[in-house]
Amino acid sequence: MSSSKFVMKCGGSTLAALPDAFFQDLRDLQMNGTQPVIVHGGGPAINETLGKLGIESRFLNGLRVTDEATLDVVEMVLAGRINKEIVRKLQINGAKSIGLSGTDGRLIEAKPVANAAEVGLVGDVTGVNASLVEGVIALGYLPVIAPIGIDAAGQRYNINADTAAGAVASELGVDTMIVVTDVPGIMRTVDGEKVVLPQVTFADIEEMIASGEIYGGMIPKVSAAMSCLHGNVKEVLIVDGSAERVLSRAVNDGNIGTRIVRE
Ligand SMILES: Nc1ncnc2c1ncn2[C@@H]1O[C@H](COP(=O)(O)OP(=O)(O)O)[C@@H](O)[C@H]1O
Ligand SMILES: CC(=O)N[C@@H](CCC(=O)OP(=O)(O)O)C(=O)O
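Computed from a predicted structure; not experimentally measured.

Q: Sorry, what's going on with the pattern of salt bridges here?
A: Between side chains of opposite charge, pairing is possible as soon as their charged atoms come close. Under the defined criterion, the tally for this structure stands at 16 salt bridges. Two residues, Glu48 and Lys52, come together in a salt bridge whose shortest N-O distance is 3.4 Å. In this pair, Glu48 and Lys52 are both assigned in helix α3 (residues 43-52), 4 residues apart and thus about one turn of the helix distant. Take Glu48: its relative accessible area is 41%, and that puts it in the partly exposed class. Here Lys52 falls in the exposed class, since its relative accessible area comes to 67%. Here Glu85 makes a salt bridge to Arg81, at a shortest N to O gap of 3.7 Å.

Given below as structure tokens:
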């Protein structure tokens, strides 16, 4: 990887189980001049808190149906609990870090998604305050970003974390986005056995979505990957957070998980 920065999206599916070694890996990359920028999710933690409050979680094509009451919880869990948990784990493991939500410094500008009538206060990204992220990095801190968006009128939006990460990667002009999740990559059944595909093209993805082999939470990942690969981003890797030294392996040789390429 030639760029000195990369965007790492960390999914709620894997966050709680990430070992100290994962955060030490981030620290080592940062110390050696390969600057990580983290965008995180937290879907399972949001579901859990909503459940405790007696609010049902509903999704439409992978997007949470979000009203004001749900958005209060989404913001509280993502920008509060999860964001600070990641910042603390980085600090404990020797990486200076600052947590931001997309609201802070208008980091993630958003507008309602096209199907807002169905999903409510869910946003699409219209802009990213890249200079704020650069400023945090210049101060020597690792930025940790929660995917809450804001519009010109000050309305908040819930943004899928994969979508937010793809937009941040595009705007920062990084070469690589690494999507860390709970599976070793994009998998498909071959001769009755599940195998991880080392590389997939846009055509493969479209075929696998149509056949149902890519479904659920993998759909926003591949969509975000395809949209940032249309811009400046050169490679998107989908990897398993529990694999040893997964990030340095992804950054240094790229031969881990699934690589998404245009063709
Ligand atoms: N072809 C596929 N290969 C691997 N995982 C897939 C595939 N299609 C759908 N998935 C699902 O996507 C999930 C990862 O998405 P998600 O649960 O939203 O994770 P995260 O919280 O990391 O964003 C996997 O656990 C798996 O159930
Ligand atoms: C609009 C929308 O669906 N937002 C997501 C934001 C969190 C997220 O994406 O978390 P994961 O990466 O863990 O799935 C949600 O409310 O769950």
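From this point on, the discussion continues.
Q: Even after reading the chapter, I still don't get the site of ligand 1, so can you show me in this structure?
A: Lining the immediate surroundings of ligand 1 are 16 residues, of which Ser13, Thr181, Asp182, Glu213 and Lys221 lie closest. A distance of 2.7 Å separates an oxygen atom of ligand 1 from a polar side-chain atom of Ser13. Glu213 is positioned with one of its backbone polar atoms (N or O) 2.7 Å from a nitrogen atom of ligand 1. Look at ligand 1: alone it shows 570 Å² of surface, and the protein chains cover 80% of it. Put simply, the parts of the chain that give the shell around ligand 1 at least two residues each are α1 (12-15) and α9 (218-229).

Q: Explain the UniProt feature "domain: Aspartate/glutamate/uridylate kinase" (unreviewed entry) in the protein chain here, please?
A: Under the feature "domain: Aspartate/glutamate/uridylate kinase" (unreviewed entry), the UniProt entry names residues 5-240. A distance of 20 Å separates the end C-alpha atoms of residues 5-240, which is 42% helix and 28% strand.

Q: Quick question: what am I supposed to make of the site of ligand 2 here?
A: Every one of the 16 residues lining ligand 2 counts as a neighbour, but Lys9, Gly12, Arg64, Asn158 and Ala161 are closest to it. Gly12 places a polar main-chain atom, nitrogen or oxygen, 2.8 Å from an oxygen atom of ligand 2. Between ligand 2 and Gly43, the relevant distance is 3.0 Å, taken from an oxygen atom to a main-chain nitrogen or oxygen of the residue. Notes on ligand 2: free accessible area 430 Å², of which the protein chains cover 91%. Per-element accounting of the shell around ligand 2 gives the leading share, 3 residues, to α3.

Thresholds applied
- Residues numbered from 1 in each chain as written.
- Chains lettered and ligands numbered in written order.
- Predicted model: local features only at pLDDT ≥ 70, side-chain atom pairs only at ≥ 80, totals over all residues.
- Heavy atoms only, no water.
- Salt bridge = Lys/Arg side-chain N within 4 Å of Asp/Glu carboxyl O.
- Helix = DSSP H or I, 4+ residues; strand = E, 2+ residues; numbered from the N terminus.
- Buried < 20%, exposed > 50% of the residue type's maximum accessible area, 1.4 Å probe, protein only.
- Near = heavy atom within 4 Å.
- Polar contact = N/O pair within 3.5 Å; in protein donor to acceptor, adjacent residues only side chain to side chain.
- Areas by Shrake-Rupley, 256 points an atom, 1.4 Å probe, with all protein chains shown as cover.
- UniProt positions renumbered as here; feature names shortened; annotations may be inferred.

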